[in-house]
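# Coordinate analysis (summary)
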Amino acid sequence: MSFWRSFSWNSGSAINTILEKESFTLEELLNEDDILSELKTQNKKLIDYLSEPATLEKLMKYVVEEPSESSNEKQYKYPYLCAEIICSNTWSIFEGLFANNESLIALLFDFLDSEPPLNPVLSSYVNKVTSYLLAKKSGQTVEILRRKENAIDRFLVHISNPAIVDLLLKIVACDESDEEHKIVNWLYGCELIPRLIAKLDKENSGDVHESVSQLLCDIIATAMQSQTAPLAGSPLLKSLEEEENVKQLLDHVLSSGAKSTVLLFGIGVVIDLVRRAASETYDDTTAVESLPPVLRLLAAKIGQFKDMIAASDEDRMLTTAGELSPPFGFHRMKVLELFAAFASTRYVCLLHAGLDESCFSLCFDLFFKYPWNNFLHNFVTQVAHYLLDSQNKEIVLKLYEKSELHKRIAIEGNKARAQDEAEESNKRPGFMGFITIIAGAIQNSAYMHVEVKEILDECEEWNTYVEGDLTEIRKIENKPLGASANNNAGSDDEDSKPVEFMNNYQAAAKHGFETDFPDDFATDRKSVV
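As a starting point, this report considers the structure included with it. (Residues numbered from 1 in each chain as written. Predicted model: local features only at pLDDT ≥ 70, side-chain atom pairs only at ≥ 80, totals over all residues. Heavy atoms only, no water.)

Before going further, it helps to spend a moment on the overall build of the protein. The number of helices and strands found in the protein is 30 helices and two strands. Expressed as a percentage of the 529 residues in the protein, the buried residues total 50%. In the protein, once contacts between residues fewer than 6 apart in sequence are set aside, the share between residues at least 24 apart is 72%. Counting only carbon and sulfur atoms, one obtains 48% of the accessible surface of the protein, whose full area is about 25100 Å². (Helix = DSSP H or I, 4+ residues; strand = E, 2+ residues; numbered from the N terminus. Buried < 20%, exposed > 50% of the residue type's maximum accessible area, 1.4 Å probe, protein only. Contact = heavy atoms within 4.5 Å. Areas by Shrake-Rupley, 256 points an atom, 1.4 Å probe, with all protein chains shown as cover.)

Bringing the nonpolar core into the picture now. In terms of nonpolar packing, the biggest core is built from 164 residues, with Val 63 and Phe 305 touching the most fellow members. If we ignore the near neighbours within four places in the chain, the residues touching Val 63 are Pro 79, Cys 82, Ala 83, Ile 86, Leu 108, Leu 122, Tyr 125, Val 126 and Val 129. (Core = buried A, V, L, I, M, F, W, Y, C linked by side-chain atoms within 4.5 Å.)

Mapping Asp 457 onto the fold places it in helix α28 (residues 450-457). Sequence-wise, Asp 457 and Ala 446 are eleven residues apart; in three dimensions their C-alpha atoms are separated by 9.6 Å.

Below, the discussion takes up the side chain of Thr 345. Along the chain, the position of Thr 345 falls in the loop between α21 (329-343) and α22 (348-356). Of note is the side chain of Thr 345, whose polar atom sits 2.8 Å from the backbone oxygen of Phe 342. Setting aside residues up to four positions removed in sequence, Thr 345 forms contacts with Val 274, Ala 278, Ser 279, Leu 295 and Leu 350. (Polar contact = N/O pair within 3.5 Å; in protein donor to acceptor, adjacent residues only side chain to side chain.)

What follows deals with the pattern of salt bridges. For the coordinates displayed, the defined rule picks out 27 salt bridges. Among the salt bridges present, the one from Arg 147 reaches Glu 102, with a minimum N-O distance of 2.8 Å. Note that Arg 147 is positioned in the loop between α11 (138-146) and α12 (151-157) and Glu 102 in the loop between α8 (91-97) and α9 (103-110), a separation of 45 residues in sequence. Overall, Glu 102 belongs to the buried group, its relative accessible area being 16%. Ionic contacts of the salt-bridge type, sharing partners, join the residues Asp 110, Asp 113, Lys 148 and Arg 154 into one network. (Salt bridge = Lys/Arg side-chain N within 4 Å of Asp/Glu carboxyl O.)

With that settled, consider helix α25 (residues 393-403). Here α25 has its buried residues at Ile 395, Val 396, Lys 398, Leu 399, Tyr 400 and Ser 403. Its buried side turned inward, α25 meets α22, α23 (359-369), α24 (374-388), α26 (405-422), α27 (432-448) and α28. Of the residues flanking the start of α25, the one acting as N-cap is Asn 392, its side-chain oxygen 3.1 Å from the backbone nitrogen of Glu 394. Downstream of α25 by one or two residues, Glu 404 has phi in the positive range, about 50°.

Under the counting rule described, the total for this entry stands at ten aromatic pairs. Ring geometry for Phe 94 against Phe 98: centres 5.2 Å apart, planes inclined by 65°, an arrangement best described as edge-to-face. This pair shows no difference in class: Phe 94 is buried, exactly as Phe 98 is. Seen in terms of ring centroids, Phe 367 and Phe 368 are 5.1 Å apart; in terms of plane orientation they differ by 75°. Their pairing is edge-to-face. Taken individually, Phe 367 and Phe 368 each receive the classification buried, so the pair is uniform in this respect. Among the aromatic residues, those joined into a ring-pair cluster are Phe 94, Phe 98 and Tyr 132. The aromatic ring of Phe 98 is capped on one face by Lys 137, whose charged end is 4.9 Å from the ring centroid. (Phe/Tyr/Trp six-rings, centres within 6.5 Å; stacked < 30°, edge-to-face > 60°. Lys NZ or Arg CZ within 6 Å of the ring centre and 35° of its normal.)

So, about the packing of α9 against α11. Interaxial distance between α9 and α11 falls to 9 Å at its minimum, and their mutual angle equals 60°. Considered as vectors, α9 and α11 are oriented oblique to each other. Taken as a pair, α9 and α11 cross one another with a handedness that is right-handed. Contacts between α9 and α11 involve Ile 105, Ala 106 and Phe 109 from the former and Thr 141, Ile 144 and Leu 145 from the latter. Of the residues that constitute the contact of α9 with α11, the class distribution is five nonpolar, one polar and no charged. (Axes fitted to C-alpha atoms, helices over the stretch in contact; angles between N-to-C directions. Parallel < 35°, antiparallel > 145°, perpendicular 65-115°, else oblique. Left-handed = near helix turned anticlockwise from the far one by under 90°. Nonpolar A, V, L, I, M, F, W, Y, C, P; charged D, E, K, R; others polar.)

Right, let's get into the environment of Lys 58. Along the polypeptide, Lys 58 turns up in helix α6 (residues 53-64). Lys 58 gets classed as partly exposed once you look at its relative accessible area, which sits at 40%.

With that out of the way, let us pick up unusual backbone geometry. For the bond running from Pro 116 to Pro 117, omega is 0°, close enough to zero to count as cis. Structurally, Pro 117 is set in the loop between α9 and α10 (120-136). Look at Arg 346: it is not a glycine, yet its phi comes out positive at around 65°. Within the fold, Arg 346 resides in the loop between α21 and α22. Overall, Arg 346 belongs to the buried group, its relative accessible area being 15%. Phi is positive for Glu 404, close to 50°, though the residue is something other than glycine. Looking at the element boundaries, Glu 404 is found in the loop between α25 and α26.

Direction vectors running N to C along α6 and α9 enclose 5°, while the axes themselves pass 10 Å from each other. By the angle between their axes, α6 is roughly parallel relative to α9. For the pair α6 and α9, contact is made by Leu 56, Glu 57, Met 60, Lys 61, Val 63 and Val 64 and by Leu 104, Leu 107 and Leu 108, respectively. Looking at the contact of α6 with α9 residue by residue, the class counts come to seven nonpolar, no polar and two charged.

None of this, on its own, says anything about what the molecule does.
This is the structure we're talking about:
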């Protein structure tokens, strides 16, 4: 239609016909399919009408008010079109919204006064319109919200509504130089963080726990990605890291039970805080008492998390790989992810704590108990990497003493090779690739510490494994792809292979382990193998 009008080949349209009438309604225009395209072509008559205060009020009410009729138009079509018109980036419509004492903007936030659950359709449109206004005039929009009594209370009442949670995060993430600091300071003054943590009470629903966890994790990510202020200047992040708030968070998670949604979702916030507090290099001088609050408090409670992951054999699940008793499940997977994050802090005092509490030994027990759970194997391999790569002799010796990791790996490798030779099985356990990686780290620790080398040399199972299965695997891994049988690159110097293998291992460990696992893993509530 706009093409023909541009060349004056069409004298009018259905929209223009309505606009030329002496009397018409907004609904007549909304019933026309081409209203949005007419608006995009800058139809002046249409824009003038839509920019009138009375029309703007009708548009906004369709977005925020429950329809009095159950017709399809009232429930879905009109709210959708009105939201699109408001967000059409038309200057006169946008400016009209902030005129008349900004009462039209206040209608958006009055929507939160409704009792839960909110209309999900209208919630999404309120989110859309408010987000548009925040992008254009964040300071002025939030100032209208601030004038609303108990504004944050109304958000928290609807915290299980995804659209409202998303809107609250956009308010937190408002980025307009000085305005950002005013908004964040206001949210800090409203005690947003402790009030969100309080929502993790086990009496609340799983939807509330999930929304709070998502919001807190997003606040951490938003603060760390801020381009307008130093990370240390975020009062919301500082509040989340304060000792009292961390204590409340851990208390909620630990008191909720091993299969609660508080544990499932709340522990994700703890993991993000632990990763943020990690040292960039191994630190063997800092004492536990001098660590950031989240690490210090977690070190004192790590044993309680170990008790949670050591579940009873009440449940059973039959799979194609055999019976699981019990299935590992997402709840225990999140605790295991916490152990991996705990090890990744690179504070030697925490590595000692994890070993003394037998948390890491339990990780290796689970590694071998669930041979087909590669998510589990990935986390445990991370734990082994951080322990063995610490270059701390006491840590490495304590690891071998408490878990006999080298011996257990060797036994599994020898068993798999014996089955291959006897043709008893046509498949190896799912953890064999991870075993090879860990074995490389074990050998590397022997190069750095004579005492470790002596332990390995005295282990008959380890020597058999190194000379047999591990050597054969390395021959395959070090052989260039597409090499001919006569190619010298894949043979000869055995002494150089451990070094070459370890170079590959270090690259994978440093770049792969820490970045390739999804942040939102284990948010489903079903059990996994």
